[in-house]
Amino acid sequence: MTLSRSSVVKLPAQAKPALVRLSAAGLTVGTPVMTSTGKRPIEELKSGDRVLTKDLGMQVVKCIAFRDADLESSPDLSPIRVPPGAFGHERPGQDIYLAPSQQIALRHRMFDVLFASREVLVAARDLVGVAGIERVSGLRGVTYVSLGFMKRHLLYCGNLALDLGPGCQTTTRPALSVEEARLATNLLRPHVPSHAQAAAFPLH
């Protein structure tokens with residue numbers, strides 16, 4: 001997917017109210033999501049569709065919500081572009097555009113030592129400037145799409161696991177600070193020496 005820098009991306013608001021509370025994050029229109037019938041753009045999904053999650057396999061979407069963001073008045077809501085290979089080989093396999101607050105789940109054996117958890121959550125906005133991840137500029141507006149489930153799930157999207165679900169529900173995965181998120185990302189990239197990155201981050 002390529003975002004135009006000169007136009008506003010819009011979709012009509014959903015006619016029916018959401019059945020569950022959604023988080024404030026989301027993905028941009030056009031993002032492919034793996035479903036029980038193959039990859040489909042996220043905006044084409046509807047309540048009752050089954051999508052692939054990392055934690056519990058195929059799960060039923062309870063609702064879908066669209067949020068239009070006026071980026072001329074709120075540039076901080078501009079999407080974050082995650083380029084191919086930012087988190088390792090084909091992770092993601094293509095450009096992925098996320099809402100700044102969208103949480104990405106990362107996993108590495110060294111996270112047990114650094115963060116007391118094998119799997120952690122990082123906000124897309126905290127990774128700007130790392131591994132080619134950047135905030136998209138020049139857009140007038142964008143539409144973010146969120147999927148609702150009865151509980152939080154890690155949605156597979158472009159070989160990334162994205163945290164989606166009720167924003168009020170807690171998770172056992174720790175959310176990292178900006179510095180921790182950058183360290184975690186570098187540990188996943190094979191061309192960055194892990195020992196050098198770990199040495200630069202104190203464990204106490």
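Residues numbered from 1 in each chain as written. Predicted model: local features only at pLDDT ≥ 70, side-chain atom pairs only at ≥ 80, totals over all residues. Heavy atoms only, no water.

Thoughts on the overall build of the chain
Right, on to step 1. A count of helices and strands for the chain gives 3 helices and 14 strands.
Right, on to step 2. Counting over 204 residues, the chain shows a buried share of 47%.
Right, on to step 3. By sequence separation, contacts in the chain at least 24 residues apart represent 65% of the contacts at least 6 residues apart.
Right, on to step 4. For the chain, the accessible surface area stands at approximately 9,800 Å², while carbon and sulfur atoms represent 52% of it. (Helix = DSSP H or I, 4+ residues; strand = E, 2+ residues; numbered from the N terminus. Buried < 20%, exposed > 50% of the residue type's maximum accessible area, 1.4 Å probe, protein only. Contact = heavy atoms within 4.5 Å. Areas by Shrake-Rupley, 256 points an atom, 1.4 Å probe, with all protein chains shown as cover.)

Comments concerning the pattern of salt bridges
Right, on to step 1. Applying the stated rule across the entire model yields 7 salt bridges.
Right, on to step 2. Residue Arg152 pairs with Asp163 through a salt bridge whose shortest N-O separation is 2.2 Å. In this pair, Arg152 is assigned in the loop between β12 (141–148) and β13 (153–157) and Asp163 in strand β14 (residues 160–164), connecting sequence segments 11 residues apart.
Right, on to step 3. It is possible to trace a salt-bridge network through shared partners that takes in Arg40, Lys46 and Asp49. (Salt bridge = Lys/Arg side-chain N within 4 Å of Asp/Glu carboxyl O.)

Things to note about the confidence of the model for the chain
Right, on to step 1. Taken as a whole, the chain shows an average pLDDT of 79; of its residues, 76% reach a score of 70 or greater.
Right, on to step 2. Taking the mean pLDDT of every element in the chain, the minimum, 39, falls on helix α3 (residues 194–199) and the maximum, 96, on strand β11 (residues 134–135).
Right, on to step 3. The low-confidence segment residues 4–21, where pLDDT is below 50, has 40 contacts with residues more than four positions distant or belonging to other chains.
Right, on to step 4. Across residues 192–204 the pLDDT falls below 50, and counting only partners more than four positions away or on other chains, this stretch makes 15 contacts in the model. (pLDDT = per-residue confidence, 0-100.)

Focus on the nonpolar core
Right, on to step 1. If you look at the biggest cluster of nonpolar residues, it comprises 40 residues, and the most contacted ones within it are Val82, Phe87, Leu98, Leu106, Phe111, Phe115 and Leu147.
Right, on to step 2. In terms of residue count, helix α2 (residues 178–187) provides more of this core than any other element does, 4 residues in total.
Right, on to step 3. Beyond its immediate sequence surroundings of up to four residues, Leu98 is in contact with Gly26, Leu27, Pro79, Ile80, Val82, Ile104, Ala124, Tyr144 and Leu162.
Right, on to step 4. Ala69, Leu71, Tyr97 and Ala99 belong to the second-largest nonpolar core, a separate cluster that totals 8 residues. (Core = buried A, V, L, I, M, F, W, Y, C linked by side-chain atoms within 4.5 Å.)

Focus on unusual backbone geometry
Right, on to step 1. Cis geometry marks the peptide bond from Arg91 to Pro92, where omega comes out at -5°.
Right, on to step 2. The residue Glu90 is not glycine, and still its phi comes out positive at about 55°.
Right, on to step 3. Mapping Glu90 onto the fold places it in the loop between β7 (80–82) and β8 (96–98).
Right, on to step 4. Residue Glu90 is classed as partly exposed on the basis of its relative accessible area, which comes to 47%.
Right, on to step 5. At Ala131, a residue that is not glycine, the phi angle is positive and equals roughly 55°.
Right, on to step 6. With respect to the helices and strands, the residue Ala131 is situated in the loop between β10 (119–123) and β11.
Right, on to step 7. The class of Ala131 is buried, set by a relative accessible area of 17%.

Let's talk about the pairing of β13
Right, on to step 1. By the criterion of burial, β13 is predominantly enclosed, with 4 of the 5 residues buried.
Right, on to step 2. In this sheet, β14 lies alongside β13 in antiparallel orientation, the contact comprising 5 bridges. Pairing of Leu154 across the sheet is with Asp163, part of β14.
Right, on to step 3. Counted along the chain from β13 to the antiparallel partner β14, the turn is 2 residues long, and its residue Gly158 has a positive phi close to 60°. (Pairing = 2+ DSSP bridges.)

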